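These are the residues of each chain, in order.
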Amino acid sequence: MPVTGSDLVAQTLARLDVDTFFFLMGAPMLGAEKACLDRGMRGIDVRHEQAAAMMAHAYARVANRTGVCMACSGPGTINLVSGLATAFVDCAPVVALGGSSPLNEWGTGGFQEIDQVAIARPMVKWAERCYETRRIPELIDLAFRTAWAGKPGPVYLDLPTDVLLASIDEATVVWPKIMGPQRTRALADPAAVEAAIALLAAAEKPVVLSGSGVLWSDAATQFQTWIETSGMPFYTTPQGRGVVPEDHPLCFSNARSTALKEADAILVVGTRVNYVFGHLRPPRFRADAKVVRVDIDPGEIATTQRLDVGLVGDARAVLDQLTTAARGRVDPAHHAEWCARLRVIHLEKQAGQERELATDQVPIHPLRLCREVRDFMPRAAILCVDGQEILNYGRQSIPTHVAGHRLNSGPFGTMGVGLPFGLGAKMAKPDTPVIVLHGDGAFGLNGMELDTALRHRIPVLVVISLNGGWTGDAERKKPGRELGYTRFDQMAVALGGHGEYVERPEDIRPALERAQRAVDAGRTAVVNVVTDYRARAATVRFSQMNT
């Protein structure tokens, strides 16, 4: 029986239980995309391929399963790359399928001929080209398994036009036993676990640092059990927030700087030791602090500049090992005084922050906007934050209480992710409210995805901090900073959505409520809030670079 390469793409994705993919139509992927739709998958066609990769990224993060995106040849596939690079740095399992020019025209100047595999390779874990139609299922299955092998990440498979369009005898197809993604549940060396417990039991001022590895390992429950068994305060990367609710008794977020500076033992679980945590270097950390690290990637452990005990293994499995070994040996009372001190600092700063958040100044201060969003959003809502000042202000003032329900620009610092992330998140959890908190500059990068949201009835609430340009700039001296006060609310209305324009702080909450009613009715809404262009977020700098 004859079968085309396009049919094989759809058959394989169906066998891998793919139910959603993100794409922008174009040859030679049209046949594969149609075949996927014919098999009942939901295809979300976007306005820019970059957004397709970003939506797949957010879908993967929120659903904790593989995200899938597709693009046409040449510029279409190249446009995926910024989104794939973001997923690579964020360790998100995304499978990207790109059409390409025919193999039989290579070297002759074929239409959109360019080496897409070479372009993608530095941005992904694995990049390959399919040269034979019969091998399409084998390579797609391999792509899915590779995306999840060890440390998750994006992969790219190149599908030339003649490979996709060829019709072959189905009996010749290389059908592997479809395995799909397999989670590695490797245990750490028991001797290393014993060494870690001995070190942690002796600590008087321990802290736990966690990141996305806890989420990808589906280890939120195990992480919270460890925290409560050990009695240790914890801090997370911006992307790892919510793994334990941030109103937990051992979460002292306002005392973060003190905790990191004074900790005598640091347990790092499922996160890289990069600029986000200051590379664990003084003066942000004590020079003599002991470091225990848990990571699925032995390369991460091997390259840690400061390390006393390395535990190579799956976060969920190793946390179970640590918790079992800690019972009766790691005594929360031993560092109760430490936690009490952090709690006092946390509560004192919290009172001062609430006063700042209550400001009624005009133009509206971004902190007041953050407070209104915080007090309005449901506890389990998914929040996507994207921008410069609003990203920093939001990090300081809006908590997260559910694992995986906080998305932002990530360690790569990619702007423009907000709306695509919001749509991908909503596709992953359609019954969960999604709020996108955007800076006006960042919104402009993928703002036409409002059209995608409205065409596909993916209702999200978009709140824009409209400070007239890129970053806060009290003196208005930064070149290229000024963007003007664009009526993005009117843009939403023109596309068929709901729009609100707000200039006074007391009007924010009523506007949010009206917008939410539109969202509840199935329409995406934009609340465009004029904020103070002079406001510059004061926060711990994550790197030596600043904008």
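Residues numbered from 1 in each chain as written. Predicted model: local features only at pLDDT ≥ 70, side-chain atom pairs only at ≥ 80, totals over all residues. Heavy atoms only, no water.

Peer 1: Any chance you could explain the overall build of the protein here in plain terms?
Peer 2: When helices and strands are counted, the protein shows 21 helices and 19 strands. For a compact globule of 547 residues, the expected C-alpha radius of gyration is about 24 Å, and the protein comes in at 24 Å, within 12% of that figure. Once the C-alpha set of the protein is aligned to its principal axes, its extents read approximately 75 × 60 × 40 Å. Each of the 547 residues in the protein was classed as buried or not, and the buried ones make up 59%. (Helix = DSSP H or I, 4+ residues; strand = E, 2+ residues; numbered from the N terminus. Rg over C-alpha atoms; globule rule 2.2 N^0.38 Å. Buried < 20%, exposed > 50% of the residue type's maximum accessible area, 1.4 Å probe, protein only.)

Peer 1: Just to check I follow, could you spell out the sheet that holds strand β3 (residues 42-45) for this structure?
Peer 2: The strands that make up a sheet are held in pairs by hydrogen bonds between backbone atoms, and each pair lies either parallel or antiparallel. Across the sheet, which stays open at both edges, the six strands sit in the order β3-β2-β4-β5-β7-β6 with parallel pairing between neighbours. The strands lining the two open edges of the sheet, one partner per strand, are β3 and β6 (126-129). In this sheet, neighbouring strand axes are inclined to one another by 20° on average, regardless of whether the strands run parallel or antiparallel. Note that β6 and strand β7 (residues 155-160) share four bridges and pair parallel. Following the sheet pairing, glutamate 128 is matched in β7 by leucine 157. Sitting on the sheet, helix α2 (residues 30-38) touches β2 (20-23), β3 and β4 (67-71), and the angle it makes with β2 is about 150°. Along the sheet, helix α3 (residues 49-63) makes contact with β2, β3, β4 and β5 (94-100), crossing β4 at roughly 170°. (Pairing = 2+ DSSP bridges. Axes fitted to C-alpha atoms, helices over the stretch in contact; angles between N-to-C directions. Contact = heavy atoms within 4.5 Å.)

Peer 1: Please clarify how the pairing of strand β11 (residues 265-269) should be interpreted in this entry.
Peer 2: Regular strands show a simple pattern: their side chains alternate between the two faces of the sheet. Most of β11 is tucked away: five of the five residues are buried. The pairing of strand β9 (residues 206-210) with β11 spans five bridges and is classified as parallel. Directly across from serine 210, in β11, lies its bridge partner valine 269. Relative to strand β12 (residues 290-295), β11 runs parallel, the two sharing five bridges. Paired with leucine 267 across the bridge in β12 is valine 292.

Peer 1: I would appreciate a short explanation of the pattern of salt bridges in the present structure.
Peer 2: Summed over the entire model, instances satisfying the criterion amount to 36 salt bridges. Linking arginine 455 and aspartate 45 is a salt bridge whose minimum nitrogen-to-oxygen distance equals 2.9 Å. Within this pair, whereas arginine 455 is found in helix α19 (residues 449-455), its partner aspartate 45 is found in strand β3, the two being separated by 410 residues in sequence. On the basis of relative accessibility, which here comes to 37%, the residue arginine 455 falls in the partly exposed class. Here arginine 145 and aspartate 141 are joined by a salt bridge, their closest N and O atoms 3.0 Å apart. With arginine 145 and aspartate 141 both in helix α6 (residues 136-148) and four residues apart, the pair spans about one turn of that helix. A residue is classified by how much of its surface remains accessible, and aspartate 141, at 0% relative accessible area, is buried. Within the structure, one salt-bridge network assembled from shared partners comprises Lys151, Arg293, Asp295, Asp297 and Glu300. (Salt bridge = Lys/Arg side-chain N within 4 Å of Asp/Glu carboxyl O.)

Peer 1: Honestly, the side chain of aspartate 440 in this entry has me stumped. Any pointers?
Peer 2: Mapped onto the fold, aspartate 440 is located in helix α18 (residues 440-445). With no salt bridge to any partner, buried aspartate 440 finds its closest opposite charge in arginine 481, at an N-O distance of 6.2 Å. Reaching out from aspartate 440, the side chain makes a polar contact with the backbone nitrogen of asparagine 467 at a distance of 3.3 Å. In this structure, aspartate 440 is in contact with Ile464, Ser465, Leu466, Asn467, Gly468, Gly469, Gly484 and Phe488, ignoring residues within four places of it in sequence. (Lys, Arg positive; Asp, Glu negative; His and termini not counted. Polar contact = N/O pair within 3.5 Å; in protein donor to acceptor, adjacent residues only side chain to side chain.)

Peer 1: Looking at this structure, I do not really get the pairing of strand β14 (residues 382-386). What am I missing?
Peer 2: Most of β14 sits out of view: five of its five residues are buried. By the alternation rule, side chains of β14 split into Ile382, Cys384 and Asp386 and Leu383 and Val385, which are all buried. With five bridges joining them, β14 and strand β16 (residues 434-439) adopt parallel strand pairing. Counterpart to aspartate 386 in the pairing with β16 is histidine 438. Relative to strand β15 (residues 406-407), β14 runs parallel, the two being bridged by two bridges.

Peer 1: Could you clarify how one ought to interpret the side chain of histidine 365 in this entry?
Peer 2: By the element assignment, histidine 365 lies in the loop between α14 (336-357) and α15 (366-376). For histidine 365, a relative accessible area of 15% corresponds to the buried category.

Peer 1: Which parts of the structure should I look at to understand the confidence of the model for the protein?
Peer 2: Low-confidence regions, as indicated by low pLDDT, have predicted coordinates that should not be scrutinised in detail. Confidence in the prediction of the protein, expressed as mean pLDDT, is 94, and 98% of residues score 70 or more. Taken as a whole, residues 540-547 scores under 50 in pLDDT and shows 14 contacts with residues more than four places along the chain or in a different chain. (pLDDT = per-residue confidence, 0-100.)

Peer 1: Please explain helix α10 (residues 220-230) as it appears in this structure.
Peer 2: Residues separated by three or four positions in an α-helix point in the same direction, a consequence of the helix having 3.6 residues per turn. Among all positions of α10, only Ala220, Gln222, Phe223, Trp226, Ile227, Thr229 and Ser230 are buried. Structurally, α10 contributes buried residues whose contacts are with α8 (190-202), β9, α9 (212-216), β10 (234-236), β11 and α13 (315-326). Glycine 231 sits one or two positions beyond α10 and adopts a positive phi of about 70°.

Peer 1: Hey, could you run me through the packing of aromatic side chains in this one?
Peer 2: The geometry of an aromatic ring pair is captured by two quantities: the separation of the ring centres and the angle between the planes. Overall, the coordinates contain five aromatic pairs when judged by the stated rule. Between phenylalanine 443 and phenylalanine 488, the aromatic rings sit 4.8 Å apart at their centres with planes inclined by 70°, giving edge-to-face as the arrangement. In this pair, phenylalanine 443 is assigned in helix α18 and phenylalanine 488 in helix α20 (residues 488-494), connecting sequence segments 45 residues apart. Pair check on accessibility: phenylalanine 443 and phenylalanine 488 agree, each one buried. (Phe/Tyr/Trp six-rings, centres within 6.5 Å; stacked < 30°, edge-to-face > 60°.)

Peer 1: In this structure, what is going on with the sheet that holds β9? I would like to understand it.
Peer 2: The five strands are arranged β10-β9-β11-β12-β13 in an open sheet whose pairing can be described as parallel. With partners counted over all chains shown, the strands left at the sheet margins are β10 and β13 (309-312), one partner each. Sheet twist, expressed as the average angle between the axes of neighbouring strands with direction ignored, equals 15°. Contacts from α8 reach β11, β12 and β13, with the element oriented near 135° to β13.

Peer 1: Quick question: what am I supposed to make of the nonpolar core here?
Peer 2: Taken as a class, soluble globular proteins show a tendency for nonpolar side chains to be buried jointly. One finds Val9, Leu13, Met70, Leu97, Leu159 and Val462 to be the most contacted residues of the largest nonpolar core, which totals 87 residues. The element best represented in this core is α3, accounting for ten residues. Setting aside residues up to four positions removed in sequence, leucine 13 forms contacts with Val18, Cys36, Met41, Met70, Leu97, Ile140 and Phe144. One finds Ala188, Ala192, Leu200 and Ala263 within the second-largest nonpolar core, a separate group that totals 56 residues. (Core = buried A, V, L, I, M, F, W, Y, C linked by side-chain atoms within 4.5 Å.)

Peer 1: What is the right way to read the state of the cysteines from this model?
Peer 2: What we call a disulfide is simply a covalent bond connecting the sulfur atoms of a pair of cysteines. Applying the stated criterion to the full structure yields zero disulfides. Between cysteine 91, a cysteine without a disulfide, and cysteine 69, which holds the nearest cysteine sulfur, the sulfur-to-sulfur distance is 17 Å. Judged by relative accessible area, cysteine 91 falls into the buried class, the value being 9%. With no disulfide of its own, cysteine 251 lies closest to cysteine 339 among cysteine sulfurs, the gap being 12 Å. The exposure class of cysteine 251 is buried, given its relative accessible area of 9%. (Disulfide = S-S within 2.5 Å.)

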